[in-house]
Amino acid sequence: MPDEFDVIVIGAGPAGENVVDRAVRGGLTAAIVEERLAGGECAYWACVPSKALLRPVDLAGEVSRVPGLSLGEIDVAAVLARRDEAVSRYDDGGQVRWIEGVPAEFVRGRGRLDGPKRVRVTLSDGGERVLTARQAVVLATGSTAAVPPVPGLAEAKPWTSHEVTAATAVPERLAVIGGGVVACEMAQAMHGLGARTTTMLVRGGVLLGRMEPFAGEMVAESFAEAGIDVRTNTGVVRVERPEPGGKVTVHLSDGPPLEADELLVATGREPATGDLGLSSVGLADGAYVEVDDSLRATGVPEGWLYAVGDVNGRALLTHMGKYQARVCGDVIAARAGGDELSAMRDLTDHYGAPQVVFTDPQVCAVGRTEEGAKKAGFHARAVDYDLGSVTGAYLLGDGYRGRARAVVDEDRRVLLGVTFVGPGVGELLHAATIAVTAEVPIDRLWHAVPSFPTVSEVWLRLLEAYGL
């Protein structure tokens, strides 16, 4: 007979774990299925290891700006060892124990939908198990790196975010295809850790194209000063790698071919739904799972299927997946008790998810860009301020460069979006997230007095620039 639980979650990354936690808190039983490591992509091959690799490079930049301090060469072996420690040496025993302590049942294997409320699991030991859900099945399988259909690219076995964050050595010559967050962060990490040449091949005209234009421009300036070669408006037409693991040759749309020892592809993500059994419940295999604001999949009769995190395509960020999961778990528990909880909905996605890019300078933003706000029909006005002019920023080091932008809804006098660029600005973001999400009137925000001399004083300066 099949095993039965109130809730079954496929995918034990941060989103899946949070669904289980909230559902069990709500009085339900739960099982969670994971083929690889409990903790997911973020813990082992993305957020955590990438920041462990970037931190020494970031700190070296800070030290270089402070007179009286000096720093020798970065000990790459020590950095890689700390990265290994940060990812628990790819051992998920601690995460499994946490899941079992929720308590929930952890099932190691490949889970697939097998009709309404049924999950068929191919167990890691070769067996099979069928699970059925009384209330809900939740998809939390995340996303995988997309590899463009460039001739020879897939055959060249390039690095993706998965391989670069797990690297055991730094290549002498690194080529990076892409200009987004992963491309920028990992180009800087590898270059700062010793890559002799790092070349970024960017199809568009700017780095970080989804953010305010000045963000990508300032990062590109910093990269150029560090010796990273950023080539915008550059297409890749063919890739050759005759020997596995050997030299790679990248043929470009303009100019001579580029030779490198390793090639990183960071051109986006795609949902991990190709082998999830979506067609067994009437959905398209390989597609994002469209959800409503309670994270329930649309187009599935009886409303028993939910999707959280990258798999629904709303906001491909770990913290947003965890937020959605908390909402989802609470909704499922409430509905199981007969309460629709109409007020319990995913709201943050509609404002614009907060995000930090951990380059030097850091880039962080929440809400809409100026262009995005105007396209959405808002009567928007952007106000900028030079972060380097704030006393607190000057005290952090010579030559501090940064910029802040607030996008204001002129009709309601609330913030639609905020962007900061500068060393260490990631810690400024949560105040902006509160202001944007809570729609704090700027007239009230003016009374939130920042401490002197901190970089946070930029809030006062932005409001003064606005005219308050």
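Parameters and conventions
- Residues numbered from 1 in each chain as written.
- Predicted model: local features only at pLDDT ≥ 70, side-chain atom pairs only at ≥ 80, totals over all residues.
- Heavy atoms only, no water.
- Helix = DSSP H or I, 4+ residues; strand = E, 2+ residues; numbered from the N terminus.
- Buried < 20%, exposed > 50% of the residue type's maximum accessible area, 1.4 Å probe, protein only.
- Areas by Shrake-Rupley, 256 points an atom, 1.4 Å probe, with all protein chains shown as cover.
- Salt bridge = Lys/Arg side-chain N within 4 Å of Asp/Glu carboxyl O.
- Pairing = 2+ DSSP bridges.
- Axes fitted to C-alpha atoms, helices over the stretch in contact; angles between N-to-C directions.
- Contact = heavy atoms within 4.5 Å.
- 1 Å grid on protein atoms, 1.4 Å probe; cavity = no way out; pocket = protein on both sides within 12 Å on 5 of 7 lines; lining within 4 Å.
- Points joined across faces, edges and corners; volume = space filled by probe spheres on them.
- Nonpolar A, V, L, I, M, F, W, Y, C, P; charged D, E, K, R; others polar.
- Phe/Tyr/Trp six-rings, centres within 6.5 Å; stacked < 30°, edge-to-face > 60°.
- Right-handed = clockwise from strand over helix to strand, strands pointing away.
- Arc of directions from axis to C-beta.
- Polar contact = N/O pair within 3.5 Å; in protein donor to acceptor, adjacent residues only side chain to side chain.

Engineer: Lay out the overall build of the chain with the relevant residues and their values.
Structural biologist: Scanning the chain from N- to C-terminus turns up 15 helices and 20 strands. When the backbone C-alpha atoms are referred to their principal axes, the chain occupies close to 70 × 65 × 40 Å. Relative to its full complement of 468 residues, the chain shows a buried share of 50%. For the chain, the exposed surface amounts to about 20,600 Å²; the carbon and sulfur share of it is 51%.

Engineer: Quick rundown of the pattern of salt bridges? Include the residues and the values.
Structural biologist: Scanning the entire structure with this criterion turns up 39 salt bridges. R110 is paired through a salt bridge with E35; the nearest N and O atoms lie 3.2 Å apart. With R110 in strand β3 (residues 105-113) and E35 in the loop between β2 (30-34) and α2 (40-45), this pair connects stretches of sequence that are 75 residues apart. Exposure remark for R110: the relative accessible area of 24% places this residue in the partly exposed category. Given a relative accessible area of 42%, E35 falls into the partly exposed group. With a shortest N-O distance of 3.7 Å, E62 and R55 are connected by a salt bridge. When its relative accessible area of 41% is taken as the criterion, R55 is described as partly exposed. Each of E212, E370, K374, D384, R403 and R405 takes part in a single network of salt bridges with overlapping partners.

Engineer: Break down the sheet that holds strand β9 (residues 229-231) for me, citing the residues and quoting the values.
Structural biologist: Strand order across the open sheet formed by 4 strands is β9-β8-β7-β13, with parallel pairing between neighbours. Here the strands that pair on one side only, and so sit at the sheet edges, are β9 and β13 (262-265). Adjacent strand axes in the sheet meet at a mean angle of 15° when their direction is disregarded. Judged from the 3 bridges that link them, strand β8 (residues 197-201) and β9 form a sheet pairing that is parallel.

Engineer: Describe unusual backbone geometry, and please don't skip the residues or the numbers.
Structural biologist: Cis geometry marks the peptide bond from V102 to P103, where omega comes out at 0°. Structurally, P103 can be placed in the loop between α5 (93-101) and β3. Of the consecutive residues D360 and P361, the connecting peptide bond is found in the cis state with omega at 10°. With respect to the secondary-structure elements, P361 resides in the loop between β16 (355-357) and β17 (362-367). One non-glycine residue with positive phi stands out, namely N233, at about 50°. Under the relative-accessibility criterion, N233 is labelled exposed at 56%. Even without being a glycine, R413 presents a positive backbone phi close to 60°. With respect to the element layout, R413 can be found in the loop between β19 (403-409) and β20 (414-422).

Engineer: Account for the sheet that holds strand β11 (residues 248-252), with residues named and values stated.
Structural biologist: Across the sheet, which stays open at both edges, the 3 strands sit in the order β10-β11-β12 with antiparallel pairing between neighbours. Across the chains shown, the open sheet's two edge strands, defined by having one partner strand only, are β10 (236-240) and β12 (258-260). Going across the sheet, the axis of each strand differs from the next one's by a mean of 20°, ignoring polarity.

Engineer: Explain the environment of G392 to me, and be specific about the residues and the numbers.
Structural biologist: Along the polypeptide, G392 turns up in helix α12 (residues 391-396). Under the relative-accessibility criterion, G392 is labelled buried at 4%. In this structure the C-alpha to C-alpha distance between G392 and V327, which are 65 residues apart in sequence, comes to 38 Å. In this view, G392 contacts P453, T454 and V455; residues no more than four positions away in its chain are not counted.

Engineer: Go over the layout of surface pockets with me, naming the residues and quoting the values.
Structural biologist: Of the voids in this model, the second largest pocket is the one considered here, and its volume is about 450 Å³. Going through the elements one at a time, α3 (47-64), α7 (181-192) and α8 (213-226) are the ones with two or more residues in the lining of the second largest pocket. Of the residues belonging to the lining of the second largest pocket, the class tally is 9 nonpolar, 7 polar and 6 charged.

Engineer: Outline the packing of aromatic side chains, listing residues and values.
Structural biologist: For the structure on display, the rule yields 3 aromatic pairs. A ring pair is formed by W45 and Y90, whose centres lie 6.4 Å apart and whose planes are at 20°; its orientation type is stacked. With a gap of 45 residues between them, W45 in helix α2 and Y90 in the loop between α4 (76-86) and α5 connect regions that are remote in the sequence. Using a relative accessible area of 9% as the deciding quantity, one classes W45 as buried. Residue Y90 is classed as partly exposed on the basis of its relative accessible area of 28%.

Engineer: Quick rundown of the pairing of β8? Include the residues and the values.
Structural biologist: Of all 5 residues making up β8, 4 are buried, and the element is well covered by its neighbours. The pairing of strand β7 (residues 173-177) with β8 spans 5 bridges and is parallel. Each residue of the ladder has a partner; that of R173, found in β8, is T197. The parallel pair β7 and β8 is bridged by α7, and the resulting crossover is right-handed. Handedness of the crossover joining β8 and β9 through α8 is recorded here as right-handed.

Engineer: An account of α4 is needed here, citing residue identities and associated values.
Structural biologist: The set of residues buried in α4 consists of V79, L80 and R83. Down the axis of α4, the smallest arc covering the buried residues is 95°, so these residues share one side. Counted as exposed and oriented over 90 degrees from the buried face of α4: A77, R82 and E85. Packing partners of the buried residues in α4 comprise α3 and α6 (161-165). Between the side-chain oxygen of the N-cap and the backbone nitrogen of A77 there are 3.3 Å, and the N-cap of α4 in question is D75.

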